[in-house]
Amino acid sequence: MPPRSLLDVDDLTPEELVGVLDRAVAFRDVLPPRDLLAGVPVLNLFFEASTRTATSFTLAEQRVGADVISFAPGASSLGKGETIADTALTLRGIGVRVIVVRHPESGFARRLADAFDGHVVNAGDGTHAHPTQALLDLMTLRNEFGRFAGLKIAIVGDILHSRVARSNIVGMRALGIDVTLVGPATLLPDAFAAPGLRIERSLDDVLPHVDAVMMLRIQRERIAGGLLPSLEDYTQRYQLNRARLRALRHDAVILHPGPYNRGVELTDDVLDDPRSRYVAQVHNGVFVRMAVLDLLVNGAPVVA
Amino acid sequence: MRTLIRGGRVLDPSQGLDANRDVLIENGFVVQLGEHLDAGDARVVDAGGAIVAPGFVDMHVHLREPGQTHKETIATGTAAAVAGGFTAVACMPNTDPALDSAAIVSEVMRRADAAGLARVYPVGAITKNRAGRELAPYHLLADAGCVAFSDDGSTPRDARVLRNAARYAAELPHAFISHCEDPDLKGDAVMNEGAASVRLGLEGSPGLAEDVIVARDLLIAESAGKAWHIAHVSTATSLDLIRWARSRGVRVTCEVTPHHLVFLDDRFDDYRADTKVNPPLRAEHDREALRAAVLDGTIDVFATDHAPHGLDEKAQLLSVAPVGFTGLEIAVGAYALALPELPVARFVELLSVNPARILGIPGGTLAIGSVGDVTVFADRAWTVDARLFRSKGKNTPFDGMTLPRRALATIVEGSVVFEHGRVLPREEIPV
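Throughout what follows, the structure given in this document is the object of discussion. (Residues numbered from 1 in each chain as written. Chains lettered and ligands numbered in written order. Predicted model: local features only at pLDDT ≥ 70, side-chain atom pairs only at ≥ 80, totals over all residues.)

## Topic: the overall build of chain B
Heads up, the rule is: For helices the rule is a DSSP run of H or I covering at least 4 residues; for strands it is a run of E covering at least 2, with both sets numbered from the N terminus onward. Throughout, the radius of gyration refers to the C-alpha atoms, and the reference size of a globule is 2.2 Å times the residue count to the power 0.38. Throughout, a residue-residue contact means that the two C-beta atoms, derived from backbone geometry, are no farther apart than 7 Å.
A tally of helices and strands in chain B yields 13 helices and 21 strands. Over its C-alpha trace chain B gives a radius of gyration of 21 Å, about what one expects of a compact globule, namely 22 Å for 431 residues. Within chain B, contacts between residues separated by at least 24 positions form 76% of all contacts whose residues are at least 6 apart in sequence.

Structure follows, in structure tokens:
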């Protein structure tokens, strides 16, 4: 039984996860007929601004033939729990069967899914989870290395505020990837430490030993929030730049969930580097989202 | 008016009494303790097989009146109190308006009298409107009936204000009660900081937020020579600080809630606010330290922090849902569940003798001539159904759990206000 909703990567068993990636690769190789979700009403409900994710989901929904509705209410509306339940009832009554939701508060997708008699796809909830981003990252990695077990991956930067990091940690650990988190203690508290999950404070110590490095976006508000002294101080220790690129293995790859801040977590040299996979990531995102919608609505694929 | 509590095991730590006795109350006062007393025309409470103790006092409840009567009223809150075995409660000043003037305190006491159930002892604010800036009028509040002072729910951010408050009120016997959470370290936290908050992507409040304010307040207590009470202790370090302060001669007492003794910070996976509370439910090593501190005597008082809210309010998103839940009607069972090895005499000390002594109120004893406030309870298992609460707050993490102990009867000033599962109005005492 596939899950009813995708709130985080661990809603999928490792087998289902690999199945989604297989399906996404198949869709990338040959676009399926536009009838996988023919006539299924899918609502994109984005309480938080999004360009890449919203566009990617919309294209994925259109490519599987869904009836797409998009709505971007302010974050303050639908704030109350009672209203979550009412909204869920109303939307189901109208006929919506799938809600793709993004919200600035951690757990919103879960609260909506608990009230909604249909499928919910979490397109990002606060600092909690962003499972389709993690799936597209995993798809990119598998495309590169052909395997997961034993891969060594570093995730670098503002782990504390990153839903991308959290979902990747969940997925990567389930697949046997060796994950190292890198960042200052204010953005990477010791409480993240867990079996099979290392915490390092020095990027230079880690870079030569990894198969892939994922650079997270650093937001200026962390300075006003008293978590970072300055971008200069941060970049001195954690920026991926020309000098540090030399320490990265030739067969390693660089991932970034975007949007990136040039000159902060990475420099132009990184984006020009042949090891950068940013474009492959966003390209894979559409097929991963098609595969997720297909799995949730239609169930397990028919084995050919 | 005479009331005879017959056939029970009288457990009164205030006089070292643990024996089968009948208790006779006449016109509001205990007049006789003895075997096989003659009932005469007295109202008889059958306490066979049960324990008869001096009335329980919950020194930390929120009655929400004035200002938030959709959450609770003095009438519903005191009905919940007597149904839970409490003969008296101390109500916190975070009402709207706050309990920072004699007029409002008098009005609360008038409404409590009208309700005619548990005794209500207001806790006055430390600062006006609990804003942490100007001192509240302690002598006027004391004259109006306040038994302690607290800005509960928050702490004066400015240590100078708190120091001056403690110095100004130093000659009053009324304790200052501290809700210890540093607002800056706490931030917008909705739960404890730790492995769970990090995994769930929720902002956590570290135990440090409590510890630094406990340390600050104990040092202010010492310098001002003021009696101090630390509310709802939740961390192991707070307990160490309290022990350290006592070793220096600081007059400090402290309390623990049932929920901090029972639950951990592992209940947020559904992102519901049912266990959102200040201070937050902590990790295992803190809970174990709290249990040990009850057993070793560091903790003086059981107090529930009864904090009723509407179910619709608690159903909001975690970020906006209010903190706290009800406690009065589960307390007796919940504490017994948390600490099955605690001697019953100590249980009575923590629920009756000690809070009455700290607040300087009548009760906490069944000695001849003392006030006729009595709690009858027994080790009888029951299952919590929050829908049946007298409190307007139907929210508790104990809902659905089976608890090993319960109150059977509650007697206030000789009047049976709770018996056989029913709440009864207090009888008039003839003048």
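## Comments concerning the interface of chain B and chain A
Keep this limit in mind: We call Asp, Glu, Lys and Arg charged. Ala, Val, Leu, Ile, Met, Phe, Trp, Tyr, Cys and Pro are nonpolar, and the rest, Gly among them, are polar.
Each partner contributes to the interface: chain B provides 15 residues, whereas chain A provides 19 residues. Counted by class, the side of chain B that touches chain A contains nine nonpolar, four polar and two charged residues.

## Looking at the nonpolar core
The cut-off we apply is this: Throughout this description, the term nonpolar core refers to a group of buried Ala, Val, Leu, Ile, Met, Phe, Trp, Tyr and Cys residues whose C-beta atoms join them within 7 Å. Using C-beta atoms placed from the backbone, we call a residue buried if 20 or more other C-beta atoms fall within 10 Å of its own, exposed if 12 or fewer do, and partly exposed for counts in between.
Core analysis: the largest hydrophobic core is formed by 123 residues, its most contacted members being Val 23, Val 52, Ala 90, Val 123, Phe 149 and Val 376 of chain B. Residues contacting Val 52 of chain B, with those up to four places away along its chain left out, are Ile 5, Gly 8, Arg 9, Val 10, Leu 11, Val 23, Ala 47, Val 374 and Val 376 of chain B. Judged by nonpolar contacts, the second largest core, of 101 residues, contains Val 9, Val 40 and Ile 99 of chain A together with Tyr 271 of chain B.

## Here we look at the sheet that holds strand S6 (residues 178–182) of chain A
Residues and elements named next belong to chain A. Formally: One requirement defines pairing of two strands: DSSP has to find at least two bridges between them. Note on definitions: angles span 0 to 180 degrees between N-to-C directions of axes, and those axes are lines fitted to C-alpha atoms, for helices only across the stretch in contact.
Here we have five strands laid out as an open sheet, ordered S7-S6-S5-S8-S9, and parallel in their pairing. Bordering the open sheet on either side are strand S7 (197–200) and strand S9 (253–255), each of which pairs with just one other strand. Here the average twist between neighbouring strands, direction ignored, is 20 degrees. Looking at chain direction, strand S5 (residues 152–156) and strand S8 (residues 212–215) are connected through four bridges and run parallel. Bridging across to S8, Ile 155 finds its partner in Met 214.

## A few points about the packing of helix H5 (residues 131–145) of chain A against helix H12 (residues 278–298) of chain A
Residue and element names in this part refer to chain A. We count it as follows: By definition, any crossing whose near helix is turned counterclockwise from its far helix by less than a right angle is left-handed, and any crossing with a clockwise turn is right-handed.
Running from amino to carboxyl end, H5 crosses H12 at an angle of 115 degrees, the nearest separation of the two axes being 8 Å. Once H5 is placed against H12, the crossing between them reads as right-handed. On the side of H5, the interface is formed by Thr 132, Leu 135, Leu 136, Asp 137, Met 139 and Thr 140, while H12 contributes Ala 280, Gln 281, Asn 284, Gly 285, Val 288, Arg 289 and Val 292. Class assignment of the residues belonging to the contact of H5 with H12 gives a composition of six nonpolar, five polar and two charged.

## So, the sheet that holds strand S4 (residues 119–125) of chain A
All names here are of chain A. Here we have four strands laid out as an open sheet, ordered S2-S1-S3-S4, and parallel in their pairing. Here the strands that pair on one side only, and so sit at the sheet edges, are strand S2 (67–71) and S4. Across the sheet, the mean angle separating the axes of adjacent strands is 15 degrees when strand polarity is ignored. Contacts from helix H2 (residues 52–63) reach strand S1 (41–46), S2, strand S3 (98–103) and S4 within the one sheet, and its direction differs from that of S1 by about 180 degrees.

## A closer look at the pairing of S6 of chain A
Residues and elements named next belong to chain A. Applicable threshold: Seen with the strands pointing away from the viewer, any crossover whose path from the first strand over the helix to the second strand runs clockwise is right-handed.
With five bridges connecting them, S5 and S6 associate as parallel partners. Each residue of the ladder has a partner; that of Ile 155, found in S6, is Leu 181. Crossover connection from S5 via helix H6 (residues 163–174) to parallel S6: handedness right-handed.

## Describing the packing of helix H1 (residues 14–29) of chain A against H5 of chain A
Residues and elements named next belong to chain A. How we decide: When describing relative orientation, an angle under 35 degrees is termed roughly parallel and one over 145 degrees roughly antiparallel, while 65 to 115 degrees is termed roughly perpendicular and anything else oblique.
Following both chains from N to C, one finds H1 and H5 inclined at 70 degrees, their axes separated by 10 Å at the closest point. The pairing of H1 with H5 is recorded here as roughly perpendicular in orientation. Where H1 approaches H5, its residues Val 20, Leu 21 and Ala 24 are matched on the opposing element by Leu 135, Leu 138, Met 139 and Arg 142. Classifying every residue of the contact of H1 with H5 by side-chain character gives six nonpolar, no polar and one charged.

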